[in-house]
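Secondary and tertiary structure notes
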Amino acid sequence: MTVALETIRSLRAVTPQNTIIEAQHVGQRFTADNGTELTVFDNISFNLYEGEIVAILGRSGAGKSTFLRALAGLVKPTSGTVKYRGKALTGPNPGIALVFQTFALMPWLTVQDNVELGLKARGVPRAERTKLALDAIDMIGLDGFESAYPKELSGGMRQRVGIARAFVTRPEVVFADEPTGNLDSKTTKEVMHMIRGFAKRFHQTIVLVSHDPEMTEYADRIVTLIDGRIVSNVENQVKAEIDAAPYIE
């Protein structure tokens, strides 16, 4: 095992605090071309804890995706602070990976190359990242499609590749922003089954962002945003019991 990947996997061991991400009174505002100030969200405080699956629910325009990007360190809040393992973020959050609604695959790369992207960025040697990528592709049920290109895959298959790319680096937290927004009902259940399976196997924390109330059935905790403010933050009493798929066990 290389030092690079071992460091990623040992984050929990060296930082045992229960709180992974803490947002303290964060707000995000932008100035429009006409000079008008737009508030996306305001004065939000939020903690994310080890091992939970949180659904952040809200209508389009509620501020949930921008809030997720602030937690990921991809945008800097105009007020308040975001901390990862007790340290204020000054750039991209090192403990997270992202799954996108639009799949965000590189069309000129094969399935295997897309899955290896995060590993390559972390300096994992070729032989090791090839093994990890092939194992992940097998876990998502796409064995035999390693050399296929995104245009040759269905929407559900593309999202499986996006999930494998996110989980293959063993991040502490996976942020899934509308991960089933472009999928039909059957494929949605398969994808969520898979996300829950990876989280269970690798003991990871998940944040799901969605406008679809049905997504809450997969969560341990439900956070609702309306007009850029958290209006409820409750445990889910009717969570669906979803075991790992056979290819993830």
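Here the structure is shown first, and the text comes after it.
A word on the sheet that holds strand β9 (residues 221–226). Pairing between sheet strands relies on hydrogen bonds along the backbone, with the strands arranged either parallel or antiparallel. The 6 strands are arranged β6-β7-β8-β3-β9-β10 in an open sheet whose pairing can be described as mixed. Single-partner strands in this sheet number two, and they are β6 (96–100) and β10 (229–235). Averaged over all adjacent pairs, the angle separating strand axes in this sheet is 15°, with direction ignored. One ladder, built from 5 bridges, connects strand β7 (residues 173–177) with strand β8 (residues 205–210); its direction is parallel. When the sheet's bridge partners are listed, Val173 is paired in β8 with Thr205.

Applying the stated criterion to the full structure yields 10 salt bridges. Here Glu52 ties to Arg221 by a salt bridge, and the two come within 2.6 Å at their closest N and O atoms. Note that Glu52 is positioned in the loop between β2 (37–49) and β3 (53–57) and Arg221 in strand β9, a separation of 169 residues in sequence. For the pair shown, Glu52 and Arg221 are each scored as buried. Across the salt bridge formed by Arg129 and Glu116, the nearest N and O atoms sit 3.1 Å from each other. Placement of the pair is Arg129 in helix α5 (residues 126–139) and Glu116 in helix α4 (residues 111–121), with a sequence separation of 13 residues. You'll find Arg129 and Glu116 in the same group, each marked buried. Connected through shared salt-bridge partners, Glu50, Arg85 and Glu172 make up one network.

Conventions adopted
Residues numbered from 1 in each chain as written. Predicted model: local features only at pLDDT ≥ 70, side-chain atom pairs only at ≥ 80, totals over all residues. Heavy atoms only, no water. Pairing = 2+ DSSP bridges. Helix = DSSP H or I, 4+ residues; strand = E, 2+ residues; numbered from the N terminus. Axes fitted to C-alpha atoms, helices over the stretch in contact; angles between N-to-C directions. Salt bridge = Lys/Arg side-chain N within 4 Å of Asp/Glu carboxyl O. Buried < 20%, exposed > 50% of the residue type's maximum accessible area, 1.4 Å probe, protein only.

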